[in-house]
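If you want the building blocks of each chain, they are given just below.
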Amino acid sequence: MLLWSLLIGREQTCQCPLKAIGGQQMLYTKQTPTIRDFRDTMYHKTECQPVGQRLPVYSKDNAKGIGIITTLLDGYDIGTITVMKLNRQQKRAAAKVKFEFESIDGGHRKRSLWSYLQDGFMVREKYFSQLSEKEQDAFLDTELSFTVYNALDSATKGHIFRTLNKTTDVNFIEMLNSYGDIPVANFIRETVRIVKQI
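So, how was this worked out
- Residues numbered from 1 in each chain as written.
- Predicted model: local features only at pLDDT ≥ 70, side-chain atom pairs only at ≥ 80, totals over all residues.
- Heavy atoms only, no water.
- Buried < 20%, exposed > 50% of the residue type's maximum accessible area, 1.4 Å probe, protein only.
- Helix = DSSP H or I, 4+ residues; strand = E, 2+ residues; numbered from the N terminus.
- Contact = heavy atoms within 4.5 Å.
- Core = buried A, V, L, I, M, F, W, Y, C linked by side-chain atoms within 4.5 Å.
- Pairing = 2+ DSSP bridges.
- Axes fitted to C-alpha atoms, helices over the stretch in contact; angles between N-to-C directions.
- Parallel < 35°, antiparallel > 145°, perpendicular 65-115°, else oblique.

### Things to note about helix 3 (residues 63-73)
When helix 3 is considered as a whole, its buried residues turn out to be Gly65, Ile68, Ile69, Thr70 and Leu72. On its buried face, helix 3 sits against helix 2 (35-42), helix 5 (107-117) and helix 6 (133-140). Positive phi appears at glycine 75, one or two residues downstream of helix 3, with a value of about 90 degrees.

This is the structure we're talking about:
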């Protein structure tokens, strides 16, 4: 039985292979709890702002939080949220707060979800409680994607965070290419390089 099963009382299937490349044991499981599961079970057991993690991004218009919720309402995925299960020693070190999990990546997403569910801000001129019951249920039944690591040391947590957040700036042409197979993008591609598929 996987970690989420213990928390939400239902069997989940690990979608990752049992062995990594080279035969090493995988250090994580993949889970797909719903927003309802996250709200009712996971949020209160997760340290969403551990020491050393990026601080929340605050702005007058709460653009980041609104963007996260809008993405979900539009039916898009907000990416994988990464947490680590704390072991007994780590729990004792954090004895002031009885968390079972610690955030590695996705703190803004977790905090924004929680704030929206608590009517902390409006999206499309409505608080969560102002949505119809059908809209609320549809939102709460939306699946999230979590990677849950077994207990890790600080250096490994940092390595995972840096690896997940290593990005390359997208230049103008790469941004245009991201639109895929559309006439204007194909025209530009054909004029600057040979693309076999076009």
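### What to know about the nonpolar core
Residues Ile35, Ile69, Leu113, Tyr116, Phe139 and Leu144 are the most contacted members of the largest nonpolar core, which totals 25 residues. Mapped onto this core, the elements with two or more residues apiece are helix 2, helix 3, strand 3 (80-85), helix 5, helix 6 and strand 5 (145-149). For this core, the element with the highest residue contribution is helix 5, accounting for four residues. Excluding residues within four positions of it along the chain, isoleucine 69 makes contact with Ser112, Leu113, Tyr116, Phe121, Val123 and Phe139. Formed by seven residues, the second largest nonpolar core is a distinct cluster that contains Leu86, Phe99, Ile104 and Tyr149.

### A look at helix 5
When you tally the buried positions in helix 5, you get 10 out of 11 residues, the bulk of the element. Buried within helix 5 are the following residues: Gly107, His108, Arg109, Lys110, Arg111, Ser112, Leu113, Trp114, Tyr116 and Leu117. Among the structural elements, helix 2, strand 2 (46-47), helix 3, strand 3, strand 4 (101-105) and helix 6 are those in contact with the buried residues of helix 5. Two residues or fewer past helix 5, aspartate 119 is found with a positive phi of approximately 60 degrees.

### As for the pairing of strand 5
Of all five residues in strand 5, five are buried, a share of seventy percent or more. Neither face of strand 5 is exposed, since Ser145, Thr147 and Tyr149 on one face and Phe146 and Val148 on the opposite face are all buried. Both strand 3 and strand 5 contribute to a ladder of five bridges, which runs parallel. Residue threonine 80 lies in a different strand from strand 5, and its bridge partner there is serine 145.

### What about the packing of helix 3 against helix 5?
Close contact between helix 3 and helix 5 brings their axes to 9 Å; oriented N to C, the two are set at 80 degrees. Here helix 5 runs roughly perpendicular to helix 3, going by the angle between their axes. Taking contact as the criterion, the partners of Lys64, Gly65, Ile68, Ile69, Leu72 and Leu73 in helix 3 are, on helix 5, His108, Arg109, Ser112, Leu113 and Tyr116.

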